[in-house]
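Summary of structural features
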Amino acid sequence: MSPEDQDPTAWNRAEAEEGAALLETTLRRGRPGPYQIQAAIAACHTTASTAADTDWADIAGLYGELERFVPSAVIRLNRAFAVGMAEGPEAGLALVAGLEREGELADYHLLPATRADLLRRAGRRGEAAEAYERALELVENDAERRFLERRLAECRSA
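Treat the numbers as computed from the prediction; the structure is a model and nothing was measured.

Relative orientation of the contacting elements helix 7 (residues 125-138) and helix 8 (residues 142-157) amounts to 155°, with a least axis distance of 9 Å. With respect to each other, helix 7 and helix 8 are oriented roughly antiparallel. In the packing of helix 7 onto helix 8, the handedness of the crossing is left-handed. Of the residues in helix 8, those in contact with Arg-125, Ala-128, Ala-129, Tyr-132, Glu-133, Ala-135 and Leu-136 of helix 7 are Arg-145, Leu-148, Glu-149, Arg-151, Leu-152, Glu-154, Cys-155 and Arg-156. When its residues are assigned to classes, the contact of helix 7 with helix 8 shows eight nonpolar, no polar and seven charged.

In structure tokens, the structure reads:
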């Protein structure tokens, strides 16, 4: 699901605020680890009142820090999306291209799905449709399949 498809008003604000307060207490200890960084990423999402208010630059930086603790192509993919949201789709696409060259995520549906979303945001609908088609070849989850099919239909109708 894309950030703009989420409804932050449906989230439990009291629980989000409690989580943010607990995270702040933990971070004051000055020894952040991977779980605290993941919590900070989640807090960036849950404390934003709308998807547009999300601090994507902060999230991109946090993913960079998380990778120091947990080197992972999936974390780099998440960072690429956040960079694309913070700096523009082309910046994110450059990072996705590097991941594609590495090949580690060749069979992971979220690699072409991320590429497709960034291409869509860049107004490159034809290329986005091709990437959504590739993601659909790889996806196994029915809910994600339906989401990707909707996005593909949007790209084809535009």
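Attention now moves to the packing of helix 3 (residues 56-69) against helix 4 (residues 73-87). One can describe the packing of helix 3 onto helix 4 by two numbers: an axis separation of 8 Å at closest approach and a directional angle of 160°. Relative to helix 4, the element helix 3 is oriented roughly antiparallel. Like other packed secondary-structure pairs, helix 3 and helix 4 cross with a definite hand, here left-handed. Facing Trp-56, Ala-57, Ile-59, Ala-60, Tyr-63, Gly-64, Leu-66 and Glu-67 of helix 3, the residues of helix 4 in contact are Ile-75, Arg-76, Asn-78, Arg-79, Phe-81, Ala-82, Val-83, Met-85 and Ala-86. Among the residues forming the contact of helix 3 with helix 4, the class breakdown is 12 nonpolar, two polar and three charged.

A rise of 1.5 Å per residue sets the reference length of helix 8, with its 16 residues, at 22 Å; its end C-alpha atoms lie 22 Å apart and thus fit the reference within 8%. In this fold, the buried residues of helix 8 make contact with helix 6 (110-121) and helix 7. Of the residues that open helix 8, the one with a side-chain oxygen 2.8 Å from the backbone nitrogen of Ala-143 is Asn-141.

Procedures and definitions
Residues numbered from 1 in each chain as written. Predicted model: local features only at pLDDT ≥ 70, side-chain atom pairs only at ≥ 80, totals over all residues. Heavy atoms only, no water. Axes fitted to C-alpha atoms, helices over the stretch in contact; angles between N-to-C directions. Helix = DSSP H or I, 4+ residues; strand = E, 2+ residues; numbered from the N terminus. Parallel < 35°, antiparallel > 145°, perpendicular 65-115°, else oblique. Left-handed = near helix turned anticlockwise from the far one by under 90°. Contact = heavy atoms within 4.5 Å. Nonpolar A, V, L, I, M, F, W, Y, C, P; charged D, E, K, R; others polar. Expected span 1.5 Å × (residues − 1). Polar contact = N/O pair within 3.5 Å; in protein donor to acceptor, adjacent residues only side chain to side chain.

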